[in-house]
Amino acid sequence: MALLANKIVCITGSSRGIGRACAVESARHGATGLILHYFGDQETEAELQSLKAEIYATTHDNCRVVGVPGDIADSGTSQQIVKAGVEAFGRIDVLVSNARICPFAEFLTMPHATWERTRQVNLDGSFYVVQAVANQMKSQVPQGGSIIGLASISALVGGEFQCHYTPTKAGILSMMQSCAVALGKYNIRCNAILPGTIVTDINKEDLANEKKRGDMIRRTALGRLGAPEDVAGPMVFLASDLAKYVTGAQLLVDGGLFVNLQ
Ligand code: RM4
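Definitions and cut-offs
- Residues numbered from 1 in each chain as written.
- Predicted model: local features only at pLDDT ≥ 70, side-chain atom pairs only at ≥ 80, totals over all residues.
- Heavy atoms only, no water.
- UniProt positions renumbered as here; feature names shortened; annotations may be inferred.
- Helix = DSSP H or I, 4+ residues; strand = E, 2+ residues; numbered from the N terminus.
- Expected span 1.5 Å × (residues − 1).
- Bend = angle between axes of the 7 residues up to and from the residue.
- Disulfide = S-S within 2.5 Å.
- Buried < 20%, exposed > 50% of the residue type's maximum accessible area, 1.4 Å probe, protein only.
- Pairing = 2+ DSSP bridges.
- Right-handed = clockwise from strand over helix to strand, strands pointing away.
- 1 Å grid on protein atoms, 1.4 Å probe; cavity = no way out; pocket = protein on both sides within 12 Å on 5 of 7 lines; lining within 4 Å.
- Points joined across faces, edges and corners; volume = space filled by probe spheres on them.
- Nonpolar A, V, L, I, M, F, W, Y, C, P; charged D, E, K, R; others polar.
- Axes fitted to C-alpha atoms, helices over the stretch in contact; angles between N-to-C directions.
- Parallel < 35°, antiparallel > 145°, perpendicular 65-115°, else oblique.
- Left-handed = near helix turned anticlockwise from the far one by under 90°.
- Contact = heavy atoms within 4.5 Å.

With an unreviewed UniProt entry as reference, the protein is termed NAD(P)-binding protein, source organism Rhizopogon vinicolor AM-OR11-026. In its Sequence similarities (unreviewed entry) section, UniProt records this for the protein: "Belongs to the short-chain dehydrogenases/reductases (SDR) family."

Mind showing me how you'd approach helix H4 (residues 112-139) here?
The α-helix advances 3.6 residues per turn, and as a result positions three or four apart in sequence lie on the same side. Compared with the 40 Å implied by 1.5 Å per residue over 28 residues, the 39 Å span of H4 between its first and last C-alpha is a close match. Along its length, H4 shows its largest kink, about 35°, at Gln120.

Sorry if this is basic, but what is going on with the state of the cysteines here?
In protein structure, a disulfide is the covalent linkage between the sulfur atoms of two cysteines. On inspection of all chains with the given rule, the structure shows zero disulfides. Not engaged in a disulfide, the cysteine Cys102 finds its nearest cysteine sulfur in Cys163; these two sulfurs lie 11 Å apart. Free of any disulfide, Cys190 has its nearest neighbouring cysteine sulfur in Cys179, separated by 5.1 Å. Taking relative accessible area as the criterion, Cys190 reaches 0% and is therefore assigned buried.

I would appreciate a short explanation of the pairing of strand E6 (residues 188-195) in the present structure.
The side chains of a regular strand alternate between the sheet's two faces. Within E6, eight of the eight residues are buried, leaving the element largely enclosed by the surrounding structure. Burial of E6 is two-sided: the residues Ile188, Cys190, Ala192 and Leu194 facing one way and the residues Arg189, Asn191, Ile193 and Pro195 facing the other way are all buried. Where strand E5 (residues 145-150) and E6 come together, six bridges link them in parallel fashion. Its bridge partner lying in E6, Ile148 is registered against Asn191. Once the chain exits E5 it traverses helix H5 (residues 166-183) before rejoining the sheet at E6, and the crossover so formed is right-handed. Bridge analysis of E6 against strand E7 (residues 250-253) gives four bridges, and the strand direction is parallel. Residue Ala192 lies in a different strand from E7, and its bridge partner there is Gln250.

In this structure, what is going on with the layout of surface pockets? I would like to understand it.
If you roll a probe as big as a water molecule over the atoms, it shows you where there is empty space left. Volume-wise, the second largest pocket comes out at about 310 Å³. Listed by contribution, the elements that provide at least two residues to the lining of the second largest pocket are E5 and E6. Tallied by class, residues from the lining of the second largest pocket come to five nonpolar, seven polar and six charged.

Looking at this structure, how should I read the packing of helix H1 (residues 17-28) against helix H2 (residues 42-58)?
Each pair of packed helices gets described by two things: the angle between the helix axes and the distance between those axes. Where H1 meets H2, the closest approach of the two axes is 10 Å, and the angle between their N-to-C directions is 20°. One way to sum up the angle between H1 and H2 is to call them roughly parallel. Considering the relative orientation of H1 and H2, their crossing is right-handed. Of H2, the residues touching H1 (which contributes Arg20, Ala23, Val24 and Ala27) are Glu47, Ser50, Leu51, Glu54 and Ile55. When grouped by side-chain class, the residues that make up the contact of H1 with H2 number five nonpolar, one polar and three charged.

The following block contains the structure:
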């Protein structure tokens, strides 16, 4: 079933983790163009090359990929993303605003630079790319698109070493709600995905602590932590026309972590 047939999908932070899984799943679902943003250092450059190879090897033949490097905290990167996307494909149907960082840290001793960088990447970066792509979606014919903000279960609950990070996730959820209201008249839908604990590079160190890992697994109703692929399916659904009346929604993708009090 090709839910994204002929769609042009743009993903920030696509070289690894959830963004990467979303890229592969979009191609599998028939997307014909992928605008893949990545950070642009040596490591993410290599990751993007392997992602491209994976997409070309494992999905359909007519999916073209355009990579756009840059720091998402810099608003110029978002302008570049739109420019490269429109040059290659003429339009953007789907935006997955995904690029995030979470340097786990104690609150009381946290350097302000950690707070600022986390806010700049997660929240400012989201604002810039959502605004830039929404302007493109407004001006294209046919008008409209689907914007998906990667928020988190952390938009709803706290974390001892995440006092800088959880406010950015709450902010992204709130941004999607207000953008849904602001952009509905342009046929642009905006929704938030709230992943639970998904095993990626972002929490590798944190989950290396066996006790913490075990505790997190026990809290899920499904008895396991998430994989990036677990988030990609719901992303495809929200991006697709199956979700054409869904806007301003929040979708927890957490294996039942949030509801499990006791
Ligand atoms: C999530 C949640 C997870 C953590 C990631 C980094 O939103 O807090 O448990 O691993 O953030």
